[in-house]
Amino acid sequence: QKEVEQDPGPLSVPEGAIVSLNCTYSNSAFQYFMWYRQYSRKGPELLMYTYSSGNKEDGRFTAQVDKSSKYISLFIRDSQPSDSATYLCAMKGTSGSRLTFGEGTQLTVNP
Amino acid sequence: EAGVAQSPRYKIIEKRQSVAFWCNPISGHATLYWYQQILGQGPKLLIQFQNNGVVDDSQLPKDRFSAERLKGVDSTLKIQPAKLEDSAVYLCASSPTTGSLTYEQYFGPGTRLTVT
(Lines give C-alpha, C1' and ligand atoms only; values in the text may rest on other atoms or scores of the structure.)
Protein backbone atom coordinates (compact mmCIF):
# COMPACT_ATOMS: atom_id res chain seq x y z
CA GLN A 1 0.00 0.00 0.00
CA LYS A 2 1.29 3.44 -0.94
CA GLU A 3 1.75 5.91 1.91
CA VAL A 4 -0.11 8.60 -0.05
CA GLU A 5 -2.96 7.97 -2.47
CA GLN A 6 -4.25 10.61 -4.85
CA ASP A 7 -6.95 10.37 -7.49
CA PRO A 8 -4.94 10.69 -10.73
CA GLY A 9 -7.80 12.12 -12.77
CA PRO A 10 -7.70 13.64 -15.29
CA LEU A 11 -10.29 16.15 -14.17
CA SER A 12 -11.93 18.52 -16.65
CA VAL A 13 -14.23 21.31 -15.46
CA PRO A 14 -15.79 24.45 -16.96
CA GLU A 15 -14.45 27.85 -16.00
CA GLY A 16 -15.98 29.09 -12.74
CA ALA A 17 -16.53 25.62 -11.30
CA ILE A 18 -15.53 24.60 -7.79
CA VAL A 19 -12.81 21.98 -7.89
CA SER A 20 -12.12 19.45 -5.15
CA LEU A 21 -8.82 17.59 -5.09
CA ASN A 22 -8.19 14.89 -2.49
CA CYS A 23 -5.52 12.69 -0.97
CA THR A 24 -5.58 9.95 1.62
CA TYR A 25 -2.59 8.72 3.57
CA SER A 26 -1.68 5.84 5.84
CA ASN A 27 1.24 7.19 7.90
CA SER A 28 -0.13 8.66 11.13
CA ALA A 29 3.20 10.41 11.74
CA PHE A 30 2.54 12.93 8.96
CA GLN A 31 2.05 16.40 10.44
CA TYR A 32 2.87 18.82 7.61
CA PHE A 33 0.61 18.85 4.57
CA MET A 34 1.25 20.67 1.34
CA TRP A 35 -0.22 21.19 -2.08
CA TYR A 36 2.04 21.83 -5.04
CA ARG A 37 1.02 22.98 -8.50
CA GLN A 38 3.01 21.78 -11.49
CA TYR A 39 2.55 23.28 -14.93
CA SER A 40 3.58 21.25 -17.95
CA ARG A 41 7.37 20.99 -18.30
CA LYS A 42 7.94 22.99 -15.11
CA GLY A 43 8.95 22.11 -11.60
CA PRO A 44 6.36 21.97 -8.80
CA GLU A 45 5.62 25.18 -6.90
CA LEU A 46 4.23 25.35 -3.38
CA LEU A 47 0.60 26.44 -3.32
CA MET A 48 -0.64 25.80 0.21
CA TYR A 49 0.81 24.56 3.46
CA THR A 50 -1.03 23.32 6.57
CA TYR A 51 0.30 22.04 9.86
CA SER A 52 -1.80 19.34 11.58
CA SER A 53 -5.61 19.41 11.25
CA GLY A 54 -7.72 22.34 10.19
CA ASN A 55 -8.49 24.65 7.31
CA LYS A 56 -6.43 27.30 5.59
CA GLU A 57 -7.66 29.76 3.01
CA ASP A 58 -5.67 31.80 0.50
CA GLY A 59 -7.71 33.66 -2.07
CA ARG A 60 -9.59 31.15 -4.19
CA PHE A 61 -7.79 28.20 -2.59
CA THR A 62 -8.75 26.36 0.60
CA ALA A 63 -6.78 23.48 2.09
CA GLN A 64 -8.39 21.12 4.59
CA VAL A 65 -6.74 18.48 6.73
CA ASP A 66 -8.63 15.82 8.69
CA LYS A 67 -6.01 13.80 10.56
CA SER A 68 -8.63 11.56 12.19
CA SER A 69 -9.65 10.33 8.74
CA LYS A 70 -6.15 10.70 7.22
CA TYR A 71 -7.67 12.78 4.45
CA ILE A 72 -6.66 16.10 2.93
CA SER A 73 -8.38 18.25 0.35
CA LEU A 74 -7.72 21.29 -1.80
CA PHE A 75 -10.68 23.34 -3.00
CA ILE A 76 -10.42 25.82 -5.84
CA ARG A 77 -13.28 28.32 -6.15
CA ASP A 78 -14.12 30.16 -9.35
CA SER A 79 -11.65 28.06 -11.29
CA GLN A 80 -9.79 29.73 -14.16
CA PRO A 81 -8.11 28.34 -17.28
CA SER A 82 -4.80 29.41 -15.73
CA ASP A 83 -5.46 26.85 -12.96
CA SER A 84 -4.97 24.07 -15.51
CA ALA A 85 -2.04 22.08 -14.15
CA THR A 86 -1.18 18.96 -12.20
CA TYR A 87 -1.80 19.27 -8.47
CA LEU A 88 0.38 17.23 -6.13
CA CYS A 89 -0.31 16.65 -2.48
CA ALA A 90 2.76 16.15 -0.29
CA MET A 91 3.29 15.46 3.37
CA LYS A 92 5.98 14.86 5.95
CA GLY A 93 6.39 13.94 9.59
CA THR A 94 8.92 16.05 11.47
CA SER A 95 10.16 19.29 9.96
CA GLY A 96 13.39 17.68 8.78
CA SER A 97 11.95 14.50 7.32
CA ARG A 98 11.45 13.71 3.66
CA LEU A 99 8.44 14.85 1.66
CA THR A 100 6.21 12.09 0.34
CA PHE A 101 4.21 13.07 -2.73
CA GLY A 102 0.98 11.77 -4.17
CA GLU A 103 0.88 10.85 -7.84
CA GLY A 104 -0.80 14.10 -8.85
CA THR A 105 -4.18 15.03 -10.32
CA GLN A 106 -4.22 16.60 -13.75
CA LEU A 107 -6.78 19.43 -13.91
CA THR A 108 -8.06 21.17 -17.03
CA VAL A 109 -10.31 24.21 -16.72
CA ASN A 110 -12.13 24.89 -19.97
CA PRO A 111 -13.01 28.49 -20.95
CA GLU B 1 15.82 36.45 -6.76
CA ALA B 2 17.03 33.86 -9.26
CA GLY B 3 15.44 30.44 -9.04
CA VAL B 4 16.95 26.98 -9.04
CA ALA B 5 18.89 26.41 -12.25
CA GLN B 6 19.31 23.02 -13.89
CA SER B 7 21.07 21.81 -17.00
CA PRO B 8 20.70 20.29 -19.43
CA ARG B 9 16.93 20.57 -19.88
CA TYR B 10 16.71 17.50 -22.07
CA LYS B 11 18.97 14.50 -22.59
CA ILE B 12 18.61 11.38 -24.71
CA ILE B 13 21.05 8.52 -24.19
CA GLU B 14 21.25 4.83 -24.93
CA LYS B 15 21.05 2.26 -22.17
CA ARG B 16 24.34 1.48 -20.47
CA GLN B 17 25.66 4.99 -21.21
CA SER B 18 26.40 7.46 -18.45
CA VAL B 19 24.85 10.88 -17.89
CA ALA B 20 25.30 13.79 -15.49
CA PHE B 21 22.93 16.54 -14.41
CA TRP B 22 23.86 19.85 -12.84
CA CYS B 23 21.98 21.98 -10.33
CA ASN B 24 22.62 25.46 -8.96
CA PRO B 25 20.34 26.18 -5.97
CA ILE B 26 18.98 29.52 -4.84
CA SER B 27 21.75 31.58 -3.30
CA GLY B 28 22.06 31.00 0.43
CA HIS B 29 19.94 27.84 0.52
CA ALA B 30 21.69 25.27 2.67
CA THR B 31 19.56 22.28 1.73
CA LEU B 32 19.52 20.72 -1.72
CA TYR B 33 17.38 17.85 -2.96
CA TRP B 34 17.36 15.63 -6.04
CA TYR B 35 14.07 14.03 -7.02
CA GLN B 36 13.10 11.55 -9.71
CA GLN B 37 9.68 12.05 -11.29
CA ILE B 38 8.54 9.24 -13.56
CA LEU B 39 5.75 10.15 -15.98
CA GLY B 40 2.39 10.10 -14.22
CA GLN B 41 3.91 9.90 -10.75
CA GLY B 42 4.84 12.30 -8.01
CA PRO B 43 8.46 13.22 -7.33
CA LYS B 44 10.47 10.70 -5.32
CA LEU B 45 13.39 11.91 -3.23
CA LEU B 46 16.73 10.45 -4.30
CA ILE B 47 19.10 12.38 -2.06
CA GLN B 48 19.11 15.35 0.32
CA PHE B 49 22.18 17.44 1.15
CA GLN B 50 22.61 19.83 4.05
CA ASN B 51 25.52 22.02 2.96
CA ASN B 52 28.18 19.45 1.92
CA GLY B 53 26.80 16.52 3.87
CA VAL B 54 24.26 13.87 2.91
CA VAL B 55 21.15 13.88 5.10
CA ASP B 56 19.09 11.20 3.34
CA ASP B 57 20.09 8.93 0.47
CA SER B 58 17.99 5.94 1.46
CA GLN B 59 16.13 5.89 -1.87
CA LEU B 60 19.15 6.42 -4.10
CA PRO B 61 20.07 3.33 -6.18
CA LYS B 62 23.70 3.49 -5.18
CA ASP B 63 24.86 0.81 -7.59
CA ARG B 64 24.29 3.22 -10.49
CA PHE B 65 23.45 6.66 -9.10
CA SER B 66 25.85 9.04 -7.39
CA ALA B 67 25.62 12.66 -6.34
CA GLU B 68 27.92 15.23 -4.88
CA ARG B 69 27.69 18.78 -3.64
CA LEU B 70 31.10 20.31 -3.53
CA LYS B 71 31.58 23.50 -1.50
CA GLY B 72 27.95 23.35 -0.38
CA VAL B 73 26.59 25.10 -3.46
CA ASP B 74 26.24 23.41 -6.86
CA SER B 75 25.46 19.73 -7.17
CA THR B 76 25.75 17.03 -9.80
CA LEU B 77 23.77 13.82 -10.11
CA LYS B 78 25.26 11.01 -12.19
CA ILE B 79 23.83 7.79 -13.56
CA GLN B 80 26.22 5.09 -14.72
CA PRO B 81 25.19 2.87 -16.44
CA ALA B 82 21.69 4.03 -17.36
CA LYS B 83 18.75 1.66 -17.67
CA LEU B 84 15.50 2.08 -19.58
CA GLU B 85 13.60 2.54 -16.30
CA ASP B 86 15.71 5.62 -15.51
CA SER B 87 13.71 7.59 -18.08
CA ALA B 88 12.18 10.36 -15.99
CA VAL B 89 12.42 14.02 -15.10
CA TYR B 90 15.14 14.74 -12.57
CA LEU B 91 14.20 17.67 -10.37
CA CYS B 92 16.51 19.66 -8.17
CA ALA B 93 15.08 21.66 -5.27
CA SER B 94 16.51 23.81 -2.51
CA SER B 95 15.31 25.21 0.79
CA PRO B 96 16.75 27.71 3.26
CA THR B 97 17.19 25.42 6.25
CA THR B 98 16.34 22.07 7.77
CA GLY B 99 14.41 23.84 10.51
CA SER B 100 10.78 24.87 10.46
CA LEU B 101 10.90 26.28 6.94
CA THR B 102 11.85 23.09 5.17
CA TYR B 103 8.32 22.59 3.91
CA GLU B 104 9.07 25.33 1.41
CA GLN B 105 11.16 23.66 -1.26
CA TYR B 106 11.83 25.60 -4.43
CA PHE B 107 12.06 23.43 -7.51
CA GLY B 108 14.02 23.88 -10.69
CA PRO B 109 12.51 23.14 -14.13
CA GLY B 110 14.00 19.66 -14.23
CA THR B 111 16.04 17.63 -16.70
CA ARG B 112 14.01 15.29 -18.88
CA LEU B 113 16.02 12.09 -19.47
CA THR B 114 15.08 9.57 -22.11
CA VAL B 115 16.97 6.27 -22.16
CA THR B 116 16.58 4.28 -25.40
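Remember, it's a predicted structure, so these values are computed and weren't measured experimentally.

Attention shifts here to the nonpolar core. With 24 residues, the main nonpolar core has A:Trp35, A:Ile72, A:Leu74, A:Tyr87 and A:Met91 as its most contacted residues. For this core, the secondary structure elements donating two or more residues are β3 (19–25), β4 (32–38), β5 (45–51), β7 (61–66), β8 (71–76), β9 (85–92) and β11 (105–110) of chain A. Setting aside chain neighbours within four positions, we find A:Tyr87 in contact with A:Gln6, A:Leu21, A:Tyr36, A:Arg37, A:Leu47, A:Leu74, A:Ile76, A:Gly104, A:Thr105 and A:Leu107. Counting 21 residues, the second-largest nonpolar core is a separate cluster that includes B:Ile26, B:Ile47, B:Ala82 and B:Tyr90.

Residue and element names in this part refer to chain A. One pass over the full model with this rule turns up seven salt bridges over all chains. With its nearest N and O atoms 2.0 Å apart, the salt bridge here joins Glu103 to Lys2. With Glu103 in the loop between β10 (100–101) and β11 and Lys2 in the segment before β1 (4–6), this pair connects stretches of sequence that are 101 residues apart. Its relative accessible area of 43% is what places Lys2 among the partly exposed residues.

Residue and element names in this part refer to chain B. Along the chain, Thr111 falls in strand β11 (residues 111–115). Accessibility expressed as a relative area gives 0% for Thr111, which makes it buried. Among the polar contacts made by the side chain of Thr111, one reaches the main-chain carbonyl oxygen of Pro8 at a distance of 2.5 Å. Setting aside anything within four residues of it in sequence, one finds Thr111 in contact with Gln6, Ser7, Pro8, Arg9, Phe21, Ala88, Val89 and Tyr90.

Residues and elements named next belong to chain A. Judged by pairing direction, the sheet is antiparallel, and its five strands sit side by side in the order β1-β3-β8-β7-β6 without closing on themselves. Strand pairing shows two members of the sheet lacking a second neighbour, β1 and β6 (54–58), which therefore form its edges. Taking each pair of neighbouring strands and ignoring which way they run, the sheet shows an average axis angle of 15°. Examined bridge by bridge, β6 and β7 share five bridges and lie antiparallel to one another. Residue Glu57 lies in a different strand from β7, and its bridge partner there is Thr62.

Calculation notes
Residues numbered from 1 in each chain as written. Chains lettered and ligands numbered in written order. Predicted model: local features only at pLDDT ≥ 70, side-chain atom pairs only at ≥ 80, totals over all residues. Heavy atoms only, no water. Core = buried A, V, L, I, M, F, W, Y, C linked by side-chain atoms within 4.5 Å. Buried < 20%, exposed > 50% of the residue type's maximum accessible area, 1.4 Å probe, protein only. Helix = DSSP H or I, 4+ residues; strand = E, 2+ residues; numbered from the N terminus. Contact = heavy atoms within 4.5 Å. Salt bridge = Lys/Arg side-chain N within 4 Å of Asp/Glu carboxyl O. Polar contact = N/O pair within 3.5 Å; in protein donor to acceptor, adjacent residues only side chain to side chain. Pairing = 2+ DSSP bridges. Axes fitted to C-alpha atoms, helices over the stretch in contact; angles between N-to-C directions.

That's the geometry; what it means functionally is another story.
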